[in-house]
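Structural overview for review
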Amino acid sequence: MTKRIELVAPAGSFPALRKAVDSGADAVYFGFRDATNARNFPGLNFDNTTAGDAVAYAHRHGCKIMLALNTYPQPASWSSWTRAVDRAAELGVDALILADTGLLQYAHEQYPDLRLHLSVQGSATTHEAIAFYRDQFAIQRVVLPRVLSFSQVKRIIEKTDVEIETFAFGSLCVMAEGRCYLSSYVTGESPNTCGACSPAKSVQWHETPQGREVRLNGVLIDRYQSGESAGYPVLCKGRFVIDDEPGYAIEEPTSLSVLDILPQLVRSGVSAIKIEGRQRSPAYVGQVVSVLRQALDAAQQDPESYRVRDAWVQQLDKLAEGSTHTLGALDRQWQ
């Protein structure tokens, strides 16, 4: 028998958290309602009261709960991030997900018994980098960036005693997380500090004779025709005219899905698989958790006879960006 792999689900609101727990997640992750987390959107996340309710609900149902403090503090606002660490410790969360080395040092020194995970925003892509975070801050888990091939993931697992968590479903990022400058180039605010790839105050929608236009800080990044679905606007997934042809210049909308390689992930020794999407609806969270719960249980029970069910693929593709899925960098054969 292989060790049980945790299914980690997002919670951008209390209803989403409840859906994640009730649908079979082993752990949920959430953020405070401020710039200390990388999904700092209006109407999302948790204040002091709802954060306490979230911890209580998860623990009452035997589910772990983790807090994402995964943006990078700036000198003038350092105390906001340290207060967030203090609040997390008081709430009794099961782990903190951190990226900034200074904040990792603070959490490690002030709360040595609090479990620390390195966020994907930390961009640790080698076992040597992971060893540094383990030795300096006693991290117990690393969330790997979505730029690694499966062979690279396996090599890292083979060479570290730190738990490895990989993404299983959700939006992809063309950058090494924590190193994106696209949004700050256009808006003047970095997603690594303000917590949003496209700050809401910089997004403008306009109905025009040519279609529905969306601009980011005045820069036209896409135009949608009548009946065409429009996702949340980010520069990397915008459409631009190149050589007189409009199209996706950097990345086409699609979602990561690891259904096809779950048995390989089970055999690799990965400790957890993670669903992206704290900005998503409770219905989205519940449906994705339900499908991945079934698939992961099947893959762990008998990896050799595991088969992807058509119903799983159909359900997840309905929720995927562009209604399509990919293995992304995991499928690179040359690495």
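Numbers given to residues run from 1 along each chain, matching the order in which its sequence is written. The predicted nature of this model means local features are confined to residues of pLDDT at least 70 and side-chain atom pairs, given and counted, to a pLDDT of 80 or more, with totals for whole chains, interfaces and linings taken over all residues. With hydrogens and water set aside, each side-chain value is computed from the structure's full complement of heavy atoms.

1. Topic: the packing of aromatic side chains
Here is the rule: rings of Phe, Tyr and Trp (six-membered ring for Trp) pair when centre to centre is within 6.5 Å. Planes less than 30 degrees apart are stacked, more than 60 are edge-to-face, and the remainder are tilted. If you walk through the whole model with that rule in mind, you get nine aromatic pairs. With 5.8 Å between their ring centres and 70 degrees between their planes, Phe14 and Tyr57 make a pair best called edge-to-face. Note that Phe14 is positioned in helix 1 (residues 14–22) and Tyr57 in helix 2 (residues 48–60), a separation of 43 residues in sequence. Each residue's exposure class comes from its accessible area (1.4 Å probe, protein chains only) as a fraction of the maximum for that residue type: buried when under 20%, exposed when over 50%, partly exposed otherwise. For Phe14, a relative accessible area of 22% puts it in the partly exposed group. Helical segments are the DSSP runs of H or I of at least four residues, strand segments are the runs of E of at least two, and each set is numbered from the N terminus.

2. Some words on the side chain of Arg278
Tracing the backbone through its elements, the reader meets Arg278 in the loop between strand 14 (272–275) and helix 10 (282–301). Neither His nor the chain ends is counted toward charge; the positive residues are Lys and Arg and the negative residues Asp and Glu. Salt bridge, as used here, is a side-chain nitrogen of Lys or Arg placed within 4 Å of a carboxyl oxygen of Asp or Glu. Despite its burial, Arg278 pairs with no opposite charge, the nearest such side chain being Glu276 at 8.1 Å. Side-chain polar atoms of Arg278 contact the side chain of Asn37, separated by 2.8 Å. A polar atom in the side chain of Arg278 sits 3.4 Å from the side chain of Asn45. Pairs of N or O atoms are called polar contacts if they sit within 3.5 Å, as long as, within protein, a hydrogen donor faces a hydrogen acceptor (for residues adjacent in sequence, only side-chain-to-side-chain pairs).

3. Re the packing of helix 3 (residues 78–91) against helix 4 (residues 101–110)
To get an axis, a line is fitted to the C-alpha atoms, and for a helix only the part in contact is used. The angle between two axes follows their N-to-C directions and goes from 0 to 180 degrees. The N-to-C vectors of helix 3 and helix 4 enclose an angle of 40 degrees; their axes lie 10 Å apart at closest approach. Between helix 3 and helix 4, the crossing angle belongs to the class labelled oblique. The way helix 3 lies across helix 4 gives a crossing that is right-handed. Along the contact surface, helix 3 presents Trp78, Trp81, Thr82, Val85 and Asp86, while helix 4 presents Gly102, Leu103, Tyr106 and Ala107. Any residue outside Ala, Val, Leu, Ile, Met, Phe, Trp, Tyr, Cys, Pro, Asp, Glu, Lys and Arg is labelled polar, Gly included; the first ten of those are nonpolar and the last four are charged. Of the residues that constitute the contact of helix 3 with helix 4, the class distribution is six nonpolar, two polar and one charged. In what follows, roughly perpendicular refers to angles from 65 to 115 degrees, roughly parallel to angles under 35, roughly antiparallel to angles over 145, and oblique to any angle outside these ranges. Working rule for handedness: look at the near helix, and if it is turned counterclockwise from the far one by less than a right angle, call the crossing left-handed; if clockwise, right-handed. Whether two residues are in contact is decided by their heavy atoms, any of which lying within 4.5 Å being enough.

4. Points about helix 1
Residues of helix 1 that are buried include every one of Ala16, Leu17, Ala20 and Val21, and no others. The arc that holds every buried residue of helix 1, seen down its axis, measures 135 degrees, which confines them to one face. Each element contacted by the buried residues of helix 1 is listed here: strand 1 (6–10), strand 2 (27–30), helix 2, strand 3 (64–69) and helix 10. Phi turns positive, to about 115 degrees, at Gly24, one or two residues after helix 1. For this quantity, the arc is that covered by the directions from the helix axis to the C-beta atoms.

5. Structural notes on empty space enclosed by the protein
Whether a set of points on the 1 Å grid over the protein atoms alone is a cavity depends on a 1.4 Å probe fitting there but being unable to get out, while an open set qualifies as a pocket with protein on both sides within 12 Å along at least five of seven lines; lining residues are those with an atom within 4 Å of a point. Grid points are joined across faces, edges and corners, and a volume is the space filled by probe spheres set on the points. Here the structure, examined in full by the defined rule, presents two cavities of 30 Å³ or more. Here the largest cavity defines a volume of roughly 110 Å³. Considering the residues around the largest cavity, the lining is formed by 13 residues, among which Pro145, Arg146, Leu148, Phe167 and Leu330 are closest to the centre. Looking at the lining of the largest cavity, its residues break down into 10 nonpolar, two polar and one charged. Its volume calculated, the second largest cavity comes out at about 40 Å³. In terms of lining, the second largest cavity is formed by Ser257, Leu259, Asp260, Trp312, Val313, Leu316, Asp317 and His325. It is helix 11 (residues 310–319) that provides the largest number of residues to the lining of the second largest cavity, a total of four residues. Of the residues assigned to the lining of the second largest cavity, the class counts are four nonpolar, two polar and two charged.

6. Observations regarding the nonpolar core
Ranked by size, the top nonpolar core spans 81 residues in total, and within it Phe30, Leu96 and Leu262 carry the most contacts. Looking at this core element by element, the count peaks at nine residues for helix 10. In terms of nonpolar packing, the next biggest core, distinct from the first, is built from eight residues, Ala27, Met66, Ile97 and Ala272 among them. Nonpolar core, defined: a set of buried Ala, Val, Leu, Ile, Met, Phe, Trp, Tyr and Cys residues in which side-chain atoms within 4.5 Å join the residues together.

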